[in-house]
Amino acid sequence: MPPQSRQGGCFFHNPVNKSTNQHSMEYRPSDIEPKWRKWWRENQTYRIDNRNGKPKFYVLDMFPYPSGAGLHVGHPLGYIATDILSRYKRLRGFSVLHPMGFDSFGLPAEQYAIQTGIHPAISTEQNIVRYREQLDNIGFSYDWEREVRTSDPRFYKWTQWIFMQLFNCYYDRDADKALPISHLTEIFSKKGNKAVNASCDDDTPVVSAEEWNAMSEREQQLFLLKYRLTYPGEAYVNWCPALGSVLSNDEVKDGVSERGGHPVERKLMKQWNMRITAYADRLLDGLEAIDWPESIKEQQRNWIGRSAGASVRFAVDGHEGVEIEVFTTRLDTIYGATFMVLAPEHELVSRLTTDEQRQEIDSYIKWTASRSEVERMSEVKKVTGAFTGAFAINPFNGERIQIWIADYVLAGYGTGAVMAVPSGDQRDWLFATHFDLPIIPILDAQEGLENAADPTKEGRYINSGIINGMTYAEAVPTLIQWLEERALGKGKIQYKLRDAVFSRQRYWGEPVPAYWKDGVPHLIDERDLPLVLPNIDKYLPTETGEPPLARAENWRYAPLNGEGEERYEYEHSTMPGWAGSSWYFYRYMDPHNEDAFCSKEASDYWQQVDFYLGGSEHAVGHLLYSRFWNHFLHDLGLVPHREFAKKLVNQGMIQGRSNFVFRAKESFFEQYLHLKVLKPFFAEHGPMRIAKTEVEGSFKYDFAFGTNDLAIEVTSWKQEEKIERVRKTAHGDGKRLMVLYSETLIDHINEPEAIAEKVRQALESRENFIADLERPVCEQLFVSQSLLYKYHPDSFTKLHVDVGVVEADVLNLEKARRLPMFEKANFKLDPDKKYICAWEVEKMSKSKYNVVNPDDVVAEYGADCFRMFEMFLGPITDAKPWNTQGITGVSGFLKKFWRLFFSGKDGAFSVTEDTPTAEELRALHHCIKKVTDDVERMSMNTCVSHFMIATNDLHRLNCAKRTILEPLVVMLAPFGPHIAEELWHRLGHATTVCDATWPTHNEEYLKSDTKEYPIQINGKLRATVTLPTDVSKEDAEKAALALEQVQKWLDGQAPKKVVFVPGRMINVVV
RNA sequence: GCCCGGGUGGUGGAAUGGUAGACACGCAGGACUUAAAAUCCUGUGGCUGUAGAGGCCGUACGGGUUCGAGUCCCGUCCCGGGCACCA
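Residues numbered from 1 in each chain as written. Chains lettered and ligands numbered in written order. Predicted model: local features only at pLDDT ≥ 70, side-chain atom pairs only at ≥ 80, totals over all residues. Heavy atoms only, no water.

Caption draft 1: Region of interest: the overall build of chain A. Counting secondary structure elements, chain A contains 36 helices and 42 strands. Classification of the 1070 residues of chain A by burial places 52% in the buried group. A sequence separation of at least 24 residues applies to 71% of the contacts in chain A between residues at least 6 apart. Across chain A, the centroid of the 126 positively charged side chains sits 4 Å from that of the 151 negatively charged ones. (Helix = DSSP H or I, 4+ residues; strand = E, 2+ residues; numbered from the N terminus. Buried < 20%, exposed > 50% of the residue type's maximum accessible area, 1.4 Å probe, protein only. Contact = heavy atoms within 4.5 Å. Lys, Arg positive; Asp, Glu negative; His and termini not counted. Charge placed at Lys NZ, Arg CZ, Asp CG, Glu CD.)

This is how it looks when you write it as structure tokens:
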């Protein structure tokens, strides 16, 4: 018996005392797991304080959207991994923040509200309760005191507050940070806007101080919108009149709405924007400083799409005043530009085309227009184009170059014009080769130009006027300076990034804390936050197409809160899903603060997220917008770091493994009858043939025997008309007719002899019409996948079947028959009496019947087993299909681990205080070393393996010693917290295992006197020899060469060389 | 087309340039049992073989570096993800 707890407060809570008297000491997760979850809750084991002397560690999961479908086994994969990391860090003495919350604004709840009229807050609350239950079931160490919900007014108050700060700021490029608008207006009033280097709209006019001061208040406010970091603008959206809503890009398929297939139109709508473009450079540069997956960084770089280059204006020969502007990232290649290509849609095409070329150009444009976007994009290798007859002048050398049009240049990109450099660009090279245009080498390092372009930047320029002999680094500034001096162009940085649309014409989102007065938006007073979402009668747009919030009655703002004062309309759109998730990680630090989104004290302690885990699908949405907001909050001095997450890891998706069954179609039964039943009769009654004459578009009979007057028709007994028709035909032909109901075949599907017997009787009978009078039982037949190859593939309908009734791809017939789809079904089984299902890996989703609920797995194997199995599947970063094959291995491990402690008589607790042997210590310390290393690098799957190895070793050694087992319990605690807590208390501890200390390994115990050295001959393993670990090179070589195996390979010769790697191997080179 | 991953037994997967296939599933055989479950033991990359010896092949394919390559380099093919002619 373990020594009893004496630690007052915890004594009553120590549930071990209740269960120690139970006679069986079997490992029963269903007993111990709920017990400890309750205990943790009562003892507030996972509560974490902001004030303590420990070093901090912040582990964050991407919080889930609480959907109605509940949690599936894919969600917890990341949560388990971070839970292990968190518990591990805690055991290593860190104060760990590991919170969870809900991204609870979103479309599905709104869609549900539209259908049912139930307020999204209610359905969301229900879904959250369900998620909580499911999460709690898995034994996570979240501090639920810190839970956040983005749809909670106490939370979105601060989302709105941050929005207001954005509205009140502009981006000052000289200060390289956001500054208050008041700073801007001060400069405007003294020096005009030319004195400010700030991010603003492209069309912002230059105003002097006088002009600014002469503006009305309203005009000034409108002007300032061009600078604010959030501002109302106009944007094209996918408007679907039939659904009365705006759709996201992926809700639109082939120009119609995905749901319902309604037409979608591009509509210009007033939308709030976020001036994220102001931060483009910082978002790009910031990537260097963070430990995020390269693929995510790359996606963000591509999204930001910064390209440094130059815009150059080309004059057109014979067209005074006409200039074609091109943007190029390789200005250094301009002397190699031997022609120019315009998009067929380019506005100058018609003007520049000469009369001789007019017809060719027109027909090319016509042809282009007929091609779909897909064609234009996919036919990369095909070169097409047409010459306009016009010539552009290269500003650097005055060369006349031909102007062509080609559909590989798109009007929407850049200026819709390209200067073509065939020696450096492969597409231009193909074009030049095809149309026999000149190719001029421009760098002495370019090679193989007769076969392909060479885009190198190496070497020195040739044929390149003012940059001849220069390197790339020298050439670019020289060219730009030349251009700028002559005002023919300028150095330019282009971004693909656009300002982010921040409005949604939806109900279930954060209201924008602004109201409209004379067409100008104003912020509401901070005192009036949160601006709470009003109730409305229907969750749909108004008849006039206004967003749902326009339905709210009397929802207007009184800036002075005065009675009888004029009230103004609030903004009616709401914020997008990414608003709340762009800063939520700070709220966890200080979740109940009513005076700030997060106190300085809290953010000073927790700093930034140390480890963030989530899916890569958020690469450019959430993860870019969060960085943007964080940079902004940092500019305001509200958060300590520019980047909110130091390290990010992507978890792989757990895919569903769908199972399929095959339902037989009519034609299957004819094939079946032929193959399984009729063949034995051929010898006797001649080969079966199908009557050639067609009746009413189908064959006369399914089967008829050559030497017998019997015809056989296979059909459903419900097809009374058909049966009657065939019967008449048979009568006319003088044939006897047997009708075999397909349902009868289904009833006897696994016993073809029964049907054969019916046919035999029919053949011997003299009756003209033979059909069963009994009504068959089954109506549908499902054929095992293993039998399909015998039949025509079109004879089956492939259907998803609930994976819950399939075990290892074998259909559980008993369970399956309870499903409606199999209610009147029979199954054609393979010779092993099994129904084999087909399988495919697909996204896990309700509609594919492949969703596996963690609760079911937890109920069967326990939460600890579930946790460890998910980890055991493989590296967390890899995508993999869910497959419980193999869970028994983890389950067996836990039982085995448990038995280490209960190996006494009748499974009594049997841990001893004996001194461990060297071998036992080696097993333990090897495990400590491996698991510690592996947790640090998030290799949870190999950790589980090492626990298994240690357990197997200790079993073999019959080890039940506290010195060995107790450290193992501590190490297991992050992985299987329930079993560890139970064993920890059994070992006599009264406080939680979470506060134990992670063991450290002692290299001394791992040392071994001998080592089995592999002996290689020319790098191939040929023998092994056991040598002292600290064997000298000479002795090792001597021992190796003495081996019979080695002598055989040496064949009397001396070795050329012997390589000895101490502690590793010996390689003899012959 | 470009960018980023990846390709290892029947399966999931191990392997700081140093004994490829740890650990587990599955499968086969055995022990215990009236039986089953549970548990335990043995075997399990392929071919060959004198079969508990030995040999050959083997980490997508072809080369290379190295005493030694799953790992590093070059080229090819295939799979997954991202971007879409970004000039």
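Caption draft 2: A look at unusual backbone geometry. In this model, Leu529 is joined to Pro530 through a cis peptide bond whose omega is -5 degrees. Within the fold, Pro530 resides in the loop between β19 (520-523) and β20 (556-557). Look at Gln44: it is not a glycine, yet its phi comes out positive at around 50 degrees. Look at Gln44 and you get partly exposed, because its relative accessible area is 44%.

Caption draft 3: Representation of the layout of surface pockets. Its boundaries defined by the atoms lining it, the second largest pocket holds a volume of some 660 Å³. Val803, Gly804, Val806, Val852 and Thr884 are, among the 21 residues lining the second largest pocket, the residues nearest its centre. For the lining of the second largest pocket, the element with the highest residue contribution is helix α27 (residues 854-861), accounting for 4 residues. Of the residues contributing to the lining of the second largest pocket, the split by class is 8 nonpolar, 6 polar and 7 charged. (1 Å grid on protein atoms, 1.4 Å probe; cavity = no way out; pocket = protein on both sides within 12 Å on 5 of 7 lines; lining within 4 Å. Points joined across faces, edges and corners; volume = space filled by probe spheres on them. Nonpolar A, V, L, I, M, F, W, Y, C, P; charged D, E, K, R; others polar.)

Caption draft 4: Looking closely at the side chain of Ser199. Tracing the backbone shows Ser199 in the loop between α8 (181-191) and α9 (209-214). Look past the residues within four positions of Ser199 in its chain and what remains in contact with it is Tyr171, Arg173, Lys226, Tyr227, Arg275 and Ala278.

Caption draft 5: Expanded view of the sheet that holds β19. Strand order in the open sheet made by the 4 strands is β19-β18-β21-β20, with antiparallel pairing throughout. This sheet does not close on itself; its edge strands, each paired only once, are β19 and β20. The pairing of strand β18 (residues 514-517) with β19 spans 4 bridges and is classified as antiparallel. Looking at β19, one finds that Lys517 is bridged to Val520. (Pairing = 2+ DSSP bridges.)

Caption draft 6: Focus on the side chain of Ser784. Its place among the elements puts Ser784 in the loop between β32 (780-783) and β33 (796-801). You can call Ser784 buried: its relative accessible area is 0%. In this structure, Ser784 is in contact with Lys828, Leu829, Asp830, Lys834, Tyr835 and Ile836, ignoring residues within four places of it in sequence.

Caption draft 7: Structural context of the packing of helix α29 (residues 887-901) against helix α32 (residues 962-972). One can describe the packing of α29 onto α32 by two numbers: an axis separation of 11 Å at closest approach and a directional angle of 145 degrees. Remark: the crossing between α29 and α32 carries left-handed chirality. Between α29 and α32, the residues in contact are Phe893, Phe897, Leu900 and Phe901 and Leu965, Leu968, Val969 and Leu972, respectively. Grouping the amino acids of the contact of α29 with α32 by side-chain chemistry returns 8 nonpolar, no polar and no charged. (Axes fitted to C-alpha atoms, helices over the stretch in contact; angles between N-to-C directions. Left-handed = near helix turned anticlockwise from the far one by under 90°.)

Caption draft 8: Representation of the pattern of salt bridges within the structure. Tallied over the entire structure, the rule returns 48 salt bridges. A salt bridge links Arg736 to Asp709, with the shortest nitrogen-to-oxygen separation between them at 3.1 Å. Placement of the pair is Arg736 in strand β30 (residues 736-741) and Asp709 in the loop between β28 (703-705) and β29 (710-715), with a sequence separation of 27 residues. By relative accessible area, Arg736 is classed as buried at 5%. (Salt bridge = Lys/Arg side-chain N within 4 Å of Asp/Glu carboxyl O.)

Caption draft 9: Quick peek at the packing of aromatic side chains. In the structure shown here, the tally under the stated rule is 70 aromatic pairs. Here Arg275 stacks its cationic end above the ring of Tyr231, 4.1 Å away from the centre of that ring. (Phe/Tyr/Trp six-rings, centres within 6.5 Å; stacked < 30°, edge-to-face > 60°. Lys NZ or Arg CZ within 6 Å of the ring centre and 35° of its normal.)

Caption draft 10: Focus on the environment of Arg736. Sequence separation between Arg736 and Ile876 is 140 residues; the distance between their C-alpha atoms is 68 Å. With residues up to four places along the chain from it excluded, the contact list for Arg736 reads Asn708, Asp709, Leu710, Ala711, Ala762, Leu763, Ser765, Arg766, Glu767, Asn768 and Ile770. A polar contact is formed between the side chain of Arg736 and the backbone oxygen of Ser765, at a distance of 3.0 Å. (Polar contact = N/O pair within 3.5 Å; in protein donor to acceptor, adjacent residues only side chain to side chain.)

Caption draft 11: Structural context of the pairing of strand β41 (residues 1057-1061). Every second residue of β41 is oriented toward a common face, the buried set being Val1058 and Phe1060 and the non-buried set Lys1057, Val1059 and Val1061. Sheet analysis places β41 next to strand β42 (residues 1065-1069), joined by 5 bridges and oriented antiparallel. The residue bridging Lys1057 from the neighbouring strand is Val1069, located in β42. Turn length for the β41-β42 hairpin, with the two strands adjacent in sequence and antiparallel, is 3 residues, and the turn residue Gly1063 shows positive phi of about 75 degrees.

Caption draft 12: View of the nonpolar core. Ranked by internal contacts, the top residues of the largest apolar core, which has 179 residues, are Tyr612, Trp629, Phe897, Phe901 and Phe975. A total of 9 residues in this core trace back to one element, the largest contributor, which is helix α7 (residues 153-167). Setting aside chain neighbours within four positions, we find Phe901 in contact with Ala908, Phe909, Ser910, Val911, Leu965, Val969, Leu983 and Leu987. (Core = buried A, V, L, I, M, F, W, Y, C linked by side-chain atoms within 4.5 Å.)

Caption draft 13: The sheet that holds strand β2 (residues 95-97), seen in detail. Spatially, β2-β1-β22-β23 is the arrangement adopted by the 4 strands of the open sheet, whose pairing is parallel. Sheet topology places β2 and β23 (648-651) at the edges, where each strand pairs with a single neighbour. Averaged over all adjacent pairs, the angle separating strand axes in this sheet is 20 degrees, with direction ignored.

Caption draft 14: Representation of the confidence of the model for chain A in the model. Of all residues in chain A, 92% attain a pLDDT of 70 or more, and the chain-wide mean is 85. In the predicted assembly, ipTM is 0.92 and pTM is 0.81. (pLDDT = per-residue confidence, 0-100.)

Caption draft 15: Looking closely at helix α21 (residues 622-635). For α21, which comprises 14 residues, the first-to-last C-alpha distance of 20 Å matches the rise-based estimate of 20 Å (1.5 Å per residue) to within 8%. Counting buried residues along α21, 13 of its 14 residues qualify, which places the element largely inside the surrounding structure. Just past α21, the residue Gly637 takes up positive phi, approximately 75 degrees. (Expected span 1.5 Å × (residues − 1).)

Caption draft 16: Summary view of the state of the cysteines. According to the stated counting rule, one finds 0 disulfides in the structure shown. With no disulfide partner, Cys943 has as its closest neighbouring cysteine sulfur the one in Cys927, 8.6 Å distant. Free cysteine: Cys959, not disulfide-bonded; nearest cysteine sulfur from Cys927 at 12 Å. Since its relative accessible area comes to 2%, Cys959 is described here as buried. (Disulfide = S-S within 2.5 Å.)

Caption draft 17: Highlighting the packing of helix α5 (residues 107-116) against helix α6 (residues 120-136). Packing of α5 against α6 brings their axes to within 9 Å, and their N-to-C directions diverge by 125 degrees. Taken together, the axes of α5 and α6 lie oblique to each other. You can see that α5 and α6 cross each other, and the crossing is right-handed. When α5 is examined against α6, the residues Ala109, Tyr112 and Ala113 are found in contact with a partner set consisting of Pro120, Ser123 and Thr124. The residue makeup of the contact of α5 with α6, split by class, is 4 nonpolar, 2 polar and no charged. (Parallel < 35°, antiparallel > 145°, perpendicular 65-115°, else oblique.)

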